[in-house]
Amino acid sequence: MAAAPPLLTCWRQAVRNILGKKSAKHTADLMCDILAVDRGLKPMFLVDYGGFGCLKMTEFAQELLRSGLVQHRLAVLTVGSDVFVLNTDTSVAHLEAVQSDWDSFVVDVTFSLPQPRPATGLCTQTVRYCARDVVQYIAATMRDTSILQGNITPGESWNISTLFGLLVGYPVLYWYDPTQDSTCLSMVPLLVYNVYVCLDHNSATTAATALGEKSVCDCPDERNNHKHKLYSFSIPKNVMQDFSKQIDCWFKRVQEEFALQDVFCCLEMKCSEMTLPTVAL
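**Q** What is the right way to read unusual backbone geometry from this model?
**A** Working note: non-glycine residues mostly have negative phi, and peptide bonds are mostly trans. Positive phi values are uncommon outside glycine, yet methionine 187 reaches one of about 60 degrees. Residue placement: methionine 187 occurs in the loop between strand S7 (173–175) and strand S8 (190–200).

**Q** Got a minute to help me understand the side chain of threonine 183 in this structure?
**A** Mapped onto the fold, threonine 183 is located in the loop between S7 and S8. At 3.3 Å, the side chain of threonine 183 and the backbone nitrogen of leucine 185 are in polar contact. In this structure, threonine 183 is in contact with Val109, Thr110, Phe111, Tyr176 and Leu281, ignoring residues within four places of it in sequence.

**Q** Quick question: what am I supposed to make of the sheet that holds S7 here?
**A** The strand order S5-S4-S7 describes an open sheet built from 3 strands, whose pairing is mixed. Edge positions in the open sheet fall to strand S5 (117–118) and S7, since each of these has one partner strand only. Note: strand S4 (residues 106–108) against S7, 3 bridges, orientation parallel. The partner of valine 106 across the bridge, within S7, is leucine 173.

**Q** Please explain the nonpolar core as it appears in this structure.
**A** Soluble globular proteins: nonpolar side chains tend toward being buried together. Counting 62 residues, the largest nonpolar core has Trp11, Leu30, Ile34, Met57, Phe60, Ile235 and Phe264 as its most contacted members. A total of 8 residues in this core trace back to one element, the largest contributor, which is helix H2 (residues 27–38). When near neighbours in sequence (up to four residues on either side) are disregarded, isoleucine 34 contacts Trp11, Phe45, Met57, Phe60, Leu64, Val70 and Leu74. Counting 31 residues, the second-largest nonpolar core is a separate cluster that includes Val106, Ile138, Leu167 and Val168.

**Q** Help me out: how do you make sense of the packing of aromatic side chains in this one?
**A** The description of two aromatic rings rests on the distance between their centres and on the angle between their planes. Per the stated rule, a full pass over the model turns up 8 aromatic pairs. Summarising the aromatic geometry, the rings of phenylalanine 233 and tryptophan 250 are spaced 5.4 Å apart at their centres and angled 85 degrees between planes, so their arrangement reads as edge-to-face. You can see phenylalanine 233 sitting in strand S9 (residues 225–236) and its partner tryptophan 250 sitting in helix H8 (residues 240–260), a full 17 residues away along the chain. Of the two residues, phenylalanine 233 and tryptophan 250, both sit in the buried class.

**Q** Whenever I open this one, the sheet that holds strand S2 (residues 75–79) confuses me. Can you help?
**A** Neighbouring strands of a sheet are bound in pairs by backbone hydrogen bonds; such pairs are parallel or else antiparallel. Strands sit in the order S1-S3-S2-S6 across an open sheet of 4 strands; the sheet is mixed. Edge positions in the sheet fall to strand S1 (44–46) and strand S6 (149–152), since each has one partner strand and no second. Taken over all neighbouring pairs, the strand axes of this sheet differ in orientation by 25 degrees on average, direction set aside. Here S2 pairs with S6 via 4 bridges, running parallel. Residue pairing across strands places threonine 78 opposite asparagine 151, the latter belonging to S6. Across the sheet, H2 lies against S1 and strand S3 (82–86), angled at about 150 degrees from S1, the strand it touches most.

**Q** Explanation requested: the confidence of the model for the protein chain in the structure shown.
**A** Should pLDDT be low for a region, the predicted coordinates there are not to be read in detail. Summing up the model confidence of the protein chain, the mean pLDDT is 88 and the portion of residues at 70 or higher is 88%. Confidence over residues 206–213 falls short of pLDDT 50; this stretch has 19 contacts with residues more than four positions distant or in other chains.

**Q** Can you walk me through the environment of serine 234 in this structure?
**A** Note on placement: serine 234 falls in strand S9. Classification of serine 234 by relative accessible area gives buried; the value is 15%. On a C-alpha basis, the gap between serine 234 and valine 172 in space is 8.0 Å, while along the polypeptide they are 62 residues apart. Setting aside its immediate chain neighbours within four residues, serine 234 contacts Tyr174, Leu190, Leu191 and Val192.

**Q** Would you mind going over the environment of valine 98 with me for this structure?
**A** Note on placement: valine 98 falls in helix H4 (residues 88–100). As for valine 98 and arginine 128, which are separated by 30 residues in sequence, their C-alpha atoms are 6.6 Å apart. Setting aside residues no more than four positions away along its own chain, valine 98 makes contact with Phe105, Arg128, Ala131 and Leu166.

**Q** Explain the side chain of serine 23 to me, please; I cannot follow it from the model alone.
**A** Looking at the element boundaries, serine 23 is found in the loop between helix H1 (7–19) and H2. You can call serine 23 buried: its relative accessible area is 8%. In contact with serine 23, other than residues within four places in its own chain, are Val15 and Phe52.

Reading guide: rules and limits
Residues numbered from 1 in each chain as written. Predicted model: local features only at pLDDT ≥ 70, side-chain atom pairs only at ≥ 80, totals over all residues. Heavy atoms only, no water. Helix = DSSP H or I, 4+ residues; strand = E, 2+ residues; numbered from the N terminus. Polar contact = N/O pair within 3.5 Å; in protein donor to acceptor, adjacent residues only side chain to side chain. Contact = heavy atoms within 4.5 Å. Pairing = 2+ DSSP bridges. Core = buried A, V, L, I, M, F, W, Y, C linked by side-chain atoms within 4.5 Å. Buried < 20%, exposed > 50% of the residue type's maximum accessible area, 1.4 Å probe, protein only. Phe/Tyr/Trp six-rings, centres within 6.5 Å; stacked < 30°, edge-to-face > 60°. Axes fitted to C-alpha atoms, helices over the stretch in contact; angles between N-to-C directions. pLDDT = per-residue confidence, 0-100.

What follows is the structure, given as structure tokens:
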């Protein structure tokens, strides 16, 4: 019996079939993003490469399930012109936790402030209301197995930057007065957190099986593994003491989900400091 083709080869063929040959260059990152959502490491991800629209991504998600390349029925959510791929159960659990379990998780970076600060209770509650509205929509319409796509129109009180951070599962969110043109993050020292996972290029099934174990560390053999940035977020250094517990608890939950999955072989979080003249949110 012929050996099963490597996992990356199977995904590349699916990408070519549905998204087109030119999209094959995105296969490794697209595979990691979707598998992370499928295995519950993140609630959803923003499709920010390839220019793939809602219909194409829905067709692609169906093909992945039919081919056995994912375990769960994934859905596609559009917010304006942006497209997200989500695990509905993980997304609902995440958004419900934001409403009930999360305490300090919003940083106010409104331009008129002298420096970033923890958001007021009223501002944080506004973000919780946003989470409530989104989770109600997903639970009511997208958990039906016959519905694979949905569309959300942001409410008037929603901050789009905050909404996107909320949807993809960041532990700390930026908020600013949307009536102001900028933020107060210019030349402010930031702590930038990057969370990485590794996937074995040559595995026929999963990286965990191929390597025999999973580790929360640097990948031992980068030549045969694809290192993928799973999360990237920042926090102003001056408010770090207010949010360090939130970040620690969040990463502990990521580690717990990582221990349950069977795809990625390594997980690590790195932090660096940077100061920029302009910070895009």
